[in-house]
Amino acid sequence: MLWAVLGTGVAFAQNFTTFTVLRGMLGAVEMGGFLANYCLVCEWFDTRQRAWAGNAIYLVWAVGVMSLPGIAYFVRDWRHLELIISVPLLLFIFSFWLLPESPHWLLTHNKAEEAEELLRRAATVSRLKLPPFKLKLPSSEYEEKDEKTSAWKQNMIGVIFTPYLRVYAVILMLVWGIDSMVYYGLSLGTHTLAGNQYLNFFISGAVEFPAYLTCMYCLNSQRFGRTKPTSLLHVIAGVSLLFITVIPQDGRKDFSWLVITLTMIGKYGISASFAAIYLITLEVYPTVVRYDAEPTLN
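Report follows, based on the coordinates. (Residues numbered from 1 in each chain as written. Predicted model: local features only at pLDDT ≥ 70, side-chain atom pairs only at ≥ 80, totals over all residues. Heavy atoms only, no water.)

## Overview of the packing of helix H11 (residues 197–206) against helix H14 (residues 256–284)
For any two helices packed against each other, one specifies the inter-axial angle together with the distance between the axes. Operational definition: The axes are straight lines fitted to the C-alpha atoms, using for helices just the contacting stretch, and the angles between their N-to-C directions are given from 0 to 180°. Secondary structure elements follow DSSP: runs of H or I no shorter than four residues count as helices, runs of E no shorter than two count as strands, and numbering proceeds from the N terminus. Helix crossings fall into two classes, left-handed where the near helix is turned counterclockwise from the far one by less than a right angle and right-handed where it is turned clockwise. We call two residues in contact when some of their heavy atoms are within 4.5 Å.
Viewed as axis vectors pointing N to C, H11 and H14 meet at an angle of 40°, and their least axial separation amounts to 9 Å. Between H11 and H14 lies a crossing of right-handed hand. Taking contact as the criterion, the partners of Asn-200, Ile-203, Ser-204 and Gly-205 in H11 are, on H14, Ile-260, Met-264 and Lys-267.

What follows is the structure, given as structure tokens:
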């Protein structure tokens with residue numbers, strides 16, 4: 001809802017200051033909503049299916065990226081374009097009633113009965129018959145005699161004071177920062193490439209489809225695991241973009257096609273690795289700190 005309201009406000013901004021403030025707030029709300037949605041979806045699946053579920057979201061993201069230049073081509077006024085992509089988000093008001101809560105979250109907040117009811121409802125929708133079961137509340141992993149100690153262990157402060165989680169946090173912060181710079185740098189810089197800027201933006205979205213399918217397959221394979229494919233995809237992105245720096249720019253021969261090709265290969269690698277790092281971050285941290293860790297590292 002905030003996404004739709006802020007986006008609509010941007011369309012009616014009358015000065016640069018208002019525009020900048022609203023766009024900044026819009027970016028924060030958009031990313032916060034996406035991260036919460038990603039965590040919610042993945043928590044409905046076990047580890048064997050999370051790679052499929054998480055990347056399914058990204059396939060829809062790619063459709064949105066591919067659609068934007070087509071809409072922008074026909075709607076050249078930026079205010080009208082902002083309204084077209086913002087107003088439909090008002091439909092998300094129905095998610096208050098249609099979107100189920102995460103059973104993991106309910107269980108870690110001492111709401112086992114609600115979690116059980118959700119699972120029974122999910123089984124009914126899926127036409128499955130569940131045997132009688134009873135969910136147990138979180139074990140002593142999350143329970144401390146000292147309530148104050150328990151509270152700080154269930155947020156990012158606890159992560160900082162837990163050695164192995166702290167190491168993961170530092171590494172993931174570095175990776176998140178690099179991935180963000182490269183992904184959004186390539187996405188927002190397509191207008192600097194030779195040729196039609198609308199077509200280039202469309203192609204940059206299209207290459208995300210095979211990227212997410214690759215990530216989906218590799219991360220779900222017991223043969224590859226999570227970290228090895230992620231590392232290799234980063235290398236693919238880095239090497240292809242480094243090659244661009246040695247392409248002659250003296251004007252005697254047109255290498256624009258090669259620059260575009262290497263750029264799209266880099267976009268392929270960074271899109272797949274970005275999707276992988278979302279999943280790795282989600283799985284490194286337990287449910288009680290997941291909703292803090294994901295946006296903090298991001």
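## Re the state of the cysteines
Where we set the bar: By definition, disulfides here are pairs of cysteine sulfur atoms that lie within 2.5 Å. Here the term buried applies to any residue with accessible area under 20% of the maximum for its type, exposed to any over 50%, and partly exposed to those in between, with areas from a 1.4 Å probe on protein chains only.
Under the criterion given, the structure shown has zero disulfides. Just so you know, Cys-39 is unpaired, no disulfide at all, and the nearest cysteine sulfur is the one on Cys-42, 7.2 Å from it. Look at Cys-39 and you get buried, because its relative accessible area is 1%. Accessibility expressed as a relative area gives 0% for Cys-42, which makes it buried.

## Focus: the packing of aromatic side chains
The line we're drawing: In this scheme Phe, Tyr and Trp rings, the latter by its six-membered ring, pair at centre separations within 6.5 Å, and the angle between planes marks the pair as stacked below 30 degrees, edge-to-face above 60, and tilted otherwise. We call a charge positioned over a ring when the NZ of a Lys or the CZ of an Arg lies within 6 Å of the ring centre and within 35 degrees of the ring normal.
Summed over the entire model, instances satisfying the criterion amount to 17 aromatic pairs. Taking 5.4 Å as the distance between ring centres and 65° as the angle between the ring planes, the aromatic pair formed by Phe-34 and Trp-61 counts as edge-to-face. One end of the pair, Phe-34, is in helix H2 (residues 16–42); the other, Trp-61, is in helix H3 (residues 50–74), and 27 residues separate them in sequence. A residue is classified by how much of its surface remains accessible, and Phe-34, at 10% relative accessible area, is buried. Over the face of the ring belonging to Tyr-73 we find Arg-76, whose NZ or CZ atom lies 4.8 Å from the ring centre.

## A word on the nonpolar core
Where we set the bar: Only buried residues count toward a nonpolar core. Its members are Ala, Val, Leu, Ile, Met, Phe, Trp, Tyr and Cys residues joined through side-chain atoms within 4.5 Å.
In terms of nonpolar packing, the biggest core is built from 41 residues, with Tyr-38 and Tyr-278 touching the most fellow members. Looking at which element gives the most residues to this core, the answer is H14, with 10 residues. Apart from residues lying up to four places away in sequence, Tyr-38 is in contact with Gly-54, Ile-57, Tyr-58, Ala-275, Tyr-278, Leu-279 and Leu-282. Membership of the second largest hydrophobic core comes to eight residues, among which are Leu-193, Ile-244, Leu-262 and Met-264.

## A word on unusual backbone geometry
Not every positive phi belongs to a glycine, and Arg-127 is a case in point at roughly 60°. With respect to the secondary-structure elements, Arg-127 resides in the loop between helix H7 (112–125) and helix H8 (147–153). A relative accessible area of 78% places Arg-127 in the exposed class.

## A word on the side chain of Ser-240
Note the threshold: Polar contact is the term for a pair of N or O atoms within 3.5 Å; when the atoms are in protein, one must be able to donate a hydrogen and the other to accept it, and sequence-neighboring residues count only if both atoms are side-chain atoms.
Structurally, Ser-240 can be placed in helix H13 (residues 227–244). Only 3.2 Å separates the side chain of Ser-240 from the backbone nitrogen of Gly-266, close enough to count as a polar contact. The contact partners of Ser-240, leaving out residues within four places of it in the chain, are Leu-262, Ile-265 and Gly-266.

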